[in-house]
Amino acid sequence: MPIRHSSLLRARALAERLIAAPRGERSPRPTSAPPAADSADQTVDRNVRLLSWFNFFGDFRMYGPIMVIYFAQVTGSFTAAASLLAVKKLSSAAFEVPTGVLSDRLGRRGTMIAGAVVMVTAHLGYAGAWGYGLLVAAVVLEGLATALWSGNNEALLYDTLLTAGREDEFPRHSGRVNSMFQIALALAAPIGGVVAGAWSLRAVVVLSVVPQLLCVLVASLVREPRVRGPLESNVLTHLRSALRGVRRNAVLRRMTLVSALRFSGESAAQLSPVFVAGLWPLWALGLWRTFGHGVAFVGFRVSGRVIGRVGAARTLLSGELFDNVANLVALVKPTVFSPVLLGSPAYGMSTIAQQTLLQREFTDRERATMGSLASLLGSVLYGLVALGAGLVADRFGIVAALLAIQAVALIALPLAWWVHAHAPTSPPAPGR
């Protein structure tokens, strides 16, 4: 009798499932998620892991600390070497908006792969260059690759989370993904120094092609997140729509300016070694760089936890206040401890908070284009601030130049305060 009763129960359960099936209902599955949710969650885990390795390999450039020296060796002129760095920055700025539109219209994964292929070509140009002309072509290609990734890769991460309904996790995953930049920089620099000493500068550049090839492989394994919303009829309409979206959104306008001002402040990184060399012995500069990357790595890794506790707007404001105070103390009265103050964990937390606030305000249809517009403004300000700081350094010294850069960065504080004061209690709903 118990066996018969058990069989009846199983038959009844099967009938209920068959009846519910046409209406799209599911029987309770307490131990597992629905297949669609499983697939979306698997895509999140896969893309986050691949983006992390992509960032690591992309910035594992052993020639980083010696790039100017290598350019000067090939061209025979430090002036020509410096001009190549300027061309790279200008080419990246020139390609920013077109590549953002390309990402929104053709997809994140394809844009990411295209950037990786172009970056490999640029590095092959570096490795085989015997004169100024090929190096110019290579730096233009690197600028194009950088523009293809700018805006696109962050949009890829956010769209992946948005498809799974997990966009609130963006700070945590973005912090993990971006921290890999710092690890790559910290490891690649000393290895490059050893290789250069054992063989040659060109050998360092040739070996740096390998990580870029791995980027192509990693990018090909990324899954394309689901595109949301219809696209505009043509490129110009799409761009106008993105510009209109920035103009009408007060929070997005201010956050775009904050992003550009913070990026222009990074021009201090080009002059800071001169300041540190006046306080520490020359051999210690490598240790200072490694320390800075290590501290930034910690800031990126804990950013998600901090933002989850206090919010993105408050994290951005607090981080900017801390960095500005620390930098002013280090520069106004320089001591042996000053170089340590220039490396702050707040940088990583502020950067992820800034990206979180921007991604929340970007529209789903123009996400990469809006990100590229912010990057373009930042590149323009970076060039102007770097040029002005160089003029100040020649006339008044390195400390005055770094203080001038700091003065520009201070403009971001009232803008960040406004965003903090108008921060919503919860993130905006998707699909704006």
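Residues numbered from 1 in each chain as written. Predicted model: local features only at pLDDT ≥ 70, side-chain atom pairs only at ≥ 80, totals over all residues. Heavy atoms only, no water.

Enquirer: Please give an account of the overall build of the protein that cites residues and values.
Expert: Helix and strand counts for the protein come out as 20 helices and zero strands. Evaluated residue by residue, the protein yields a buried proportion of 47% over its 432 residues. As presented, the protein carries roughly 20,700 Å² of accessible surface, and 67% of it is formed by carbon and sulfur atoms. (Helix = DSSP H or I, 4+ residues; strand = E, 2+ residues; numbered from the N terminus. Buried < 20%, exposed > 50% of the residue type's maximum accessible area, 1.4 Å probe, protein only. Areas by Shrake-Rupley, 256 points an atom, 1.4 Å probe, with all protein chains shown as cover.)

Enquirer: Give me the side chain of S379: which residues, what numbers.
Expert: Residue position: S379 is located in helix α18 (residues 367–396). Apart from the residues lying within four places of it in its own chain, the contact partners of S379 are A93 and F263. (Contact = heavy atoms within 4.5 Å.)

Enquirer: Talk me through the pattern of salt bridges; I want residue IDs and the actual numbers.
Expert: Scanning the entire structure with this criterion turns up 10 salt bridges. R166 serves as the salt-bridge partner of D41, at 3.1 Å between the closest nitrogen and oxygen. Linking D41 in helix α2 (residues 35–59) with R166 in the loop between α7 (152–163) and α8 (170–198), this pair joins segments that are 125 residues apart in sequence. Among the salt bridges present, the one from E169 reaches R172, with a minimum N-O distance of 3.1 Å. On the basis of relative accessibility, which here comes to 22%, the residue E169 falls in the partly exposed class. Note on R172: relative accessible area 40%, which makes it partly exposed. (Salt bridge = Lys/Arg side-chain N within 4 Å of Asp/Glu carboxyl O.)

Enquirer: Please give an account of the side chain of E142 that cites residues and values.
Expert: Its location among the elements puts E142 in helix α6 (residues 132–149). Sequence-distant contacts of E142, that is, excluding residues within four places in its chain, are made with R61, Y63, M67, K88, M119, A122 and Y126.

Enquirer: Tell me what's going on with the packing of aromatic side chains, and back it up with residues and numbers.
Expert: Under the definition given, this model contains 11 aromatic pairs. Residues F56 and F57 carry aromatic rings whose centres are separated by 5.7 Å and whose planes lie at 70° to one another, so their mutual orientation is edge-to-face. Judged on exposure class, the residue F56 and its partner F57 are both buried. Seen in terms of ring centroids, F300 and Y347 are 6.1 Å apart; in terms of plane orientation they differ by 85°. Their pairing is edge-to-face. Here the residue F300 occupies a position in helix α14 (residues 285–310), and Y347 occupies one in helix α17 (residues 346–361), the gap between them amounting to 47 residues. Owing to a relative accessible area of 28%, Y347 belongs among the partly exposed residues under this scheme. (Phe/Tyr/Trp six-rings, centres within 6.5 Å; stacked < 30°, edge-to-face > 60°.)

Enquirer: Run through helix α12 (residues 250–265), naming residues and quoting values.
Expert: Across its 16 residues, α12 extends 23 Å between first and last C-alpha, which sits within 8% of the 22 Å expected from 1.5 Å per residue. Among the residues of α12, the N-terminal cap falls to N249, whose side-chain oxygen and the backbone nitrogen of V251 are separated by 3.1 Å. (Expected span 1.5 Å × (residues − 1). Polar contact = N/O pair within 3.5 Å; in protein donor to acceptor, adjacent residues only side chain to side chain.)

Enquirer: If you had to explain the packing of helix α5 (residues 108–128) against α7 to someone new, which residues and values would you point to?
Expert: The contact between α5 and α7 brings their axes to 10 Å, and the two run at 145°. The handedness of the crossing between α5 and α7 comes out as left-handed. Listed contacts from α7 to R108, T111 and M112 of α5 are N152, N153, A155, L156 and D159. A per-class count over the contact of α5 with α7 returns three nonpolar, three polar and two charged. (Axes fitted to C-alpha atoms, helices over the stretch in contact; angles between N-to-C directions. Left-handed = near helix turned anticlockwise from the far one by under 90°. Nonpolar A, V, L, I, M, F, W, Y, C, P; charged D, E, K, R; others polar.)

Enquirer: Go over the nonpolar core, please, and point to the residues and values.
Expert: Counting 51 residues, the largest nonpolar core has F54, Y63, F71, M112, Y126, L135 and L157 as its most contacted members. The element that contributes the greatest number of residues to this core is α2, accounting for seven residues. Formed by 28 residues, the second largest nonpolar core is a distinct cluster that contains V246, V251, F362 and L373. (Core = buried A, V, L, I, M, F, W, Y, C linked by side-chain atoms within 4.5 Å.)

Enquirer: So what's going on with the environment of S150? Which residues, and what values?
Expert: Here S150 lies in the loop between α6 and α7. S150 sits 51 residues away from T99 along the chain, and the two C-alpha atoms are 8.4 Å apart. Apart from the residues within four sequence positions on either side, S150 is in contact with E96, S372 and S375.

Enquirer: Before we move on, could you go through a nonpolar patch on the surface and cite the residues and values that matter?
Expert: Where nonpolar side chains cluster on the molecular surface, the patch consists of V210, L214, L217 and L221 and spans about 320 Å² of accessible area. Positionally, L217 belongs in helix α10 (residues 209–220). (Patch = residues over 30% accessible without salt bridge, like charges linked within 9 Å, V, L, I, M, F, W, Y side chains within 5 Å.)

Enquirer: Tell me about the packing of α14 against α17, residues and numbers included.
Expert: In helix packing, the relevant descriptors are the interaxial angle and the interaxial distance, both defined with respect to the helix axes. Running from N to C, α14 and α17 cross one another at 50°; their axes reach a closest spacing of 6 Å. With respect to each other, α14 and α17 are oriented oblique. For the crossing formed where α14 meets α17, the hand is right-handed. Residues A296, G299, F300, V302, S303, V306 and I307 of α14 touch α17, and the partners they reach there are Y347, G348, M349, T351, I352, A353 and T356. Within the contact of α14 with α17, the residues separate by chemical class into nine nonpolar, five polar and no charged. (Parallel < 35°, antiparallel > 145°, perpendicular 65-115°, else oblique.)

Enquirer: For the confidence of the model for the protein, give the residues involved together with the corresponding values.
Expert: Overall, the prediction assigns the protein a mean pLDDT of 84, with 87% of residues at 70 or greater. This stretch, residues 1–33, has a pLDDT under 50; its non-local contacts, to residues over four places away or in other chains, come to six contacts. Predicted confidence for residues 426–432 stays below pLDDT 50, and this span has 14 contacts to residues more than four positions away or in other chains. (pLDDT = per-residue confidence, 0-100.)

Enquirer: Which residues make up the environment of L376, and what values go with them?
Expert: With respect to the helices, strands and loops of the structure, L376 is situated in helix α18. On the basis of relative accessible area, L376 is assigned to the partly exposed category, the value being 27%.

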